[in-house]
Amino acid sequence: MFFSSPPRNLKPELLDLDDAPFDEVQDSLEDVRWVNRYLGGYRVLLYYIRNFIKRHPLDKEFLILDLATGSADQPIAVVDMARQLNVKIKVVALDINSKMLNYAHEKIRAYPEIHLVQGDIHSPPFGENSFDVVMNSLSLHHFTRIQAVNILRMADLMSRSGFIINDLHRSRIAHAFILILTRLVTKNRLTRHDAPVSVMNAFTPSEMVEMAQEAGVKFFTVNRHFPYRIGLVSTRKDC
């Protein structure tokens, strides 16, 4: 059936290959920011972060780990919201790609709340319960299922209150939509290739549920958000 979920492609994205010129990478990352701003990439994350903040003591710093931060646009959106809410916050933004971190460094100059760290998402240099919340936005689809399960397991281990996975929902309709959109709004070779590939590499809500269970996450919900977004959120029972 047309509306059934297609199988995962597991096709590599050009940004992951890390061999494109830096100016082309920068241009593509700006496209990603545009998509996140207007197609729900920030809205889903901020909805869940706000819920965690509401339960956090106002007199204590809210500490977040962002796994695979990329250009750090998601931490910037989180800090902007925290400033509006007058909440003291610190975000540790982890990424293994030096090209991404160089770009992110320029973007966070006005954000002392964000601290960039180069490191591997599969073996992050942090211990159990190191952060109030761990988040991973729009990057889980870059990994194999086994790797994704390990990321969920690590996020659960490192968080005190819970974690948030904000990602795409694999769908033929979403693929067709983003394929057309990228042809209309950008000429960047990386964006035109990677955006449709990302959709077809993404997981479905049922797969997210199965992976969370495999990771041993006890208390979680998986919700669909418009347009073709998934929020997997773990909240400790005692929080």
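Parameters at a glance
Residues numbered from 1 in each chain as written. Predicted model: local features only at pLDDT ≥ 70, side-chain atom pairs only at ≥ 80, totals over all residues. Heavy atoms only, no water. Phe/Tyr/Trp six-rings, centres within 6.5 Å; stacked < 30°, edge-to-face > 60°. Helix = DSSP H or I, 4+ residues; strand = E, 2+ residues; numbered from the N terminus. Buried < 20%, exposed > 50% of the residue type's maximum accessible area, 1.4 Å probe, protein only. Lys NZ or Arg CZ within 6 Å of the ring centre and 35° of its normal. 1 Å grid on protein atoms, 1.4 Å probe; cavity = no way out; pocket = protein on both sides within 12 Å on 5 of 7 lines; lining within 4 Å. Points joined across faces, edges and corners; volume = space filled by probe spheres on them. Nonpolar A, V, L, I, M, F, W, Y, C, P; charged D, E, K, R; others polar. Axes fitted to C-alpha atoms, helices over the stretch in contact; angles between N-to-C directions. Parallel < 35°, antiparallel > 145°, perpendicular 65-115°, else oblique. Left-handed = near helix turned anticlockwise from the far one by under 90°. Contact = heavy atoms within 4.5 Å. Salt bridge = Lys/Arg side-chain N within 4 Å of Asp/Glu carboxyl O.

*Asks:* What exactly am I supposed to notice about the packing of aromatic side chains here?
*Replies:* Geometry of an aromatic ring pair is reported as the spacing of the ring centres plus the angle between the planes. Tallied over the entire structure, the rule returns three aromatic pairs. An angle of 50 degrees between the planes, with centres 5.2 Å apart, marks the rings of Trp34 and Tyr38 as tilted. Note that Trp34 and Tyr38 are positioned in helix α2 (residues 22-38) at a spacing of four residues, about one turn of the helix. Judged by relative accessible area, which is 34%, Trp34 ranks as partly exposed. Tyr38 gets classed as exposed once you look at its relative accessible area, which sits at 53%. Considering the side-chain rings of Tyr47 and Tyr48, the 5.0 Å spacing of their centres and the 75 degrees angle between planes classify their relative orientation as edge-to-face. Given a relative accessible area of 6%, Tyr48 falls into the buried group. When the ring centre of Phe203 is taken as reference, the NZ or CZ atom of Arg8 above it lies at 4.0 Å.

*Asks:* Help me understand empty space enclosed by the protein, please; the structure alone is not making it clear to me.
*Replies:* To locate leftover empty space, one rolls a probe as large as a water molecule over the atoms. A complete count under the given rule lists two cavities of 30 Å³ or more for this structure. In this structure, the largest cavity occupies an estimated 40 Å³ of space. Broken down by class, the residue content of the lining of the largest cavity amounts to four nonpolar, one polar and two charged. Volume-wise, the second largest cavity comes out at about 30 Å³. Every residue along the wall of the second largest cavity is listed here: Leu15, Asp18, Val25, Asn97, Lys99 and Met100. Of the residues contributing to the lining of the second largest cavity, the split by class is three nonpolar, one polar and two charged.

*Asks:* Even after reading the chapter, I still don't get the packing of helix α3 (residues 41-54) against helix α4 (residues 73-85), so can you show me in this structure?
*Replies:* Think of two packed helices as two axes; the pair is described by the angle between the axes and how far apart they sit. For the pair α3 and α4, the least separation of the axes is 10 Å and the interaxial angle reads 45 degrees. Relative to α4, α3 is oriented oblique. Crossing angle aside, the handedness with which α3 passes α4 is right-handed. For the pair formed by α3 and α4, the contact residues are Gly41, Tyr42, Leu45, Leu46, Ile49, Arg50 and Ile53 on the first element and Asp73, Gln74, Ala77, Val78, Met81 and Leu85 on the second. For the contact of α3 with α4, the residue count by class is nine nonpolar, two polar and two charged.

*Asks:* Before we go on, may I ask you to explain the pattern of salt bridges in this structure?
*Replies:* Close approach of charged atoms lets side chains of opposite charge pair. Here the structure, examined in full by the defined rule, presents eight salt bridges. With a shortest N-O distance of 2.9 Å, Arg189 and Glu24 are connected by a salt bridge. Here the residue Arg189 occupies a position in helix α8 (residues 189-201), and Glu24 occupies one in helix α2, the gap between them amounting to 165 residues. A salt bridge links Glu214 to Arg145; the shortest N-O distance between them is 2.7 Å. Pair noted here: Glu214 is in helix α9 (residues 205-214) and Arg145 is in helix α6 (residues 145-158), with a separation of 69 residues, a long-range link. A relative accessible area of 27% places Arg145 in the partly exposed class. Each of Arg145, Glu210 and Glu214 takes part in one network of salt bridges that share partners.

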